[in-house]
Amino acid sequence: MKTTGISRRIDDLGRIVIPKEIRKNLKIRDGELLEIFIEGEQIILTKHSPMKSIEDIAKLCVAAINDAINISIIITDRDKVIAASPHLSKKYLDKDLNIELSELMLRHNPVIEREPKALKIDNNNEEITTYVSYPIIADGDVAGLVIILGGNTKINDNDNKIADIISKILSRNIT
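Residues numbered from 1 in each chain as written. Predicted model: local features only at pLDDT ≥ 70, side-chain atom pairs only at ≥ 80, totals over all residues. Heavy atoms only, no water.

Trainee: How would you summarise the overall build of the chain if you had to cite specific residues and measurements?
Mentor: Looking only at helices and strands, one finds five helices and seven strands in the chain. Overall, the chain shows an N-to-C arrangement of helices and strands of α-β-β-α-β-β-α-α-β-β-β-α. For the chain, the spread of C-alpha atoms along the three principal axes comes to 60 × 30 × 30 Å. Counting the 175 residues in the chain, one finds 39% classified as buried. For the chain, the share of sequence-separated contacts (at least 6 apart) that also reach a separation of at least 24 residues comes to 48%. Total accessible area on the chain is roughly 11,100 Å²; 52% of this is exposed by carbon and sulfur atoms. One finds the centroid of the 25 positive side-chain charges in the chain at a distance of 3 Å from the centroid of its 27 negative side-chain charges. (Helix = DSSP H or I, 4+ residues; strand = E, 2+ residues; numbered from the N terminus. Buried < 20%, exposed > 50% of the residue type's maximum accessible area, 1.4 Å probe, protein only. Contact = heavy atoms within 4.5 Å. Areas by Shrake-Rupley, 256 points an atom, 1.4 Å probe, with all protein chains shown as cover. Lys, Arg positive; Asp, Glu negative; His and termini not counted. Charge placed at Lys NZ, Arg CZ, Asp CG, Glu CD.)

Trainee: Summarise the sheet that holds strand β7 (residues 141-151); cite the residues concerned and give the values.
Mentor: Strand order in the open sheet formed by five strands is β4-β3-β7-β6-β5, and the pairing between neighbours is antiparallel. Only two strands of the sheet have a single partner each, and these edge strands are β4 (81-84) and β5 (111-120). The mean inter-strand angle of the sheet, taken between neighbouring strand axes irrespective of direction, is 35 degrees. Sheet analysis places β5 next to strand β6 (residues 126-138), joined by seven bridges and oriented antiparallel. Bridge pairing in β6 links Leu119 to Glu127. (Pairing = 2+ DSSP bridges. Axes fitted to C-alpha atoms, helices over the stretch in contact; angles between N-to-C directions.)

Trainee: So, the pairing of strand β2 (residues 42-47): which residues are in play, and what are the values?
Mentor: Along any regular strand the residues' side chains alternate between the sheet's two faces. Relative to β2, strand β1 (residues 34-39) runs antiparallel, the two sharing six bridges. From the neighbouring strand, Glu39 faces β2, where its bridge partner is Gln42. Here β1 folds back onto β2 in antiparallel fashion, the turn holding two residues, of which Gly40 has a positive phi close to 65 degrees.

Trainee: Describe in detail the nonpolar core, supporting the description with residues and values.
Mentor: Formed by 22 residues in total, the largest nonpolar core has its most connected members in Ile73, Ile75, Ile136, Val146, Ile148, Ile166 and Leu170. Ile74, Leu88, Leu97 and Val111 belong to the second-largest nonpolar core, a separate cluster that totals 17 residues. (Core = buried A, V, L, I, M, F, W, Y, C linked by side-chain atoms within 4.5 Å.)

Trainee: Tell me about unusual backbone geometry, and name the residues and values.
Mentor: Negative phi values dominate among residues other than glycine, just as trans dominates among peptide bonds. Even without glycine at this site, Asn70 takes up a positive phi of about 50 degrees. Looking at the secondary structure, you find Asn70 in the loop between α2 (55-69) and β3 (72-76). Residue Asn70 is classed as exposed on the basis of its relative accessible area of 59%. The backbone of Asp94 shows a phi angle near 70 degrees, a positive value even though the residue is not glycine. Here Asp94 shows up in the loop between α3 (86-92) and α4 (99-105). By relative accessible area, Asp94 is classed as partly exposed at 47%.

Trainee: Give me the pattern of salt bridges: which residues, what numbers.
Mentor: What the rule picks out here adds up to seven salt bridges. Taking the shortest distance from any N to any O, the salt bridge between Lys154 and Glu115 comes out at 2.4 Å. Taken as a pair, Lys154 in the loop between β7 and α5 (157-173) and Glu115 in strand β5 lie far apart in primary sequence, 39 residues in all. Relative accessible area serves as the criterion here: at 47%, Glu115 is assigned to the partly exposed category. Among the ionic pairs, Lys168 bridges to Asp164, the shortest N-O distance being 3.2 Å. Of this pair, Lys168 and Asp164 both sit in helix α5, separated by four residues, roughly a single helical turn. (Salt bridge = Lys/Arg side-chain N within 4 Å of Asp/Glu carboxyl O.)

Below is the structure:
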């Protein structure tokens, strides 16, 4: 465990302030849920990801669709890639999202790029591709993103519908 050298007092209501620098480094946004665990004498705070409960479903969706029609799919939670088509897994699975992709997600709207454009998934890799992305919405908040990459071929209505369907399936299974 990494020490920060920062100490905070608990107020009379049992609250503690997490310093801004730590929140910024861990990408903890205002109003975001944190999970609290006890391990021995330690209190552990972790970011809550509603997508954790459906990560297996996301992987099954990607595998089934990829087997049937062989398209490139990436599914994210708010911070990292949680499922990807086999040829993209090594490159992207469990990688932190690029800040621009995180901002795209927070718009709450589908995005369709019909002409090849640079898309940074993580901070190290960029795809020149057409794509469609659909946010995964749970309780009014964005929980993640479904992205279908088209490469040099145009995104068509079927790609758009598939991304929408995956997004809706995942949204309805978040607990």
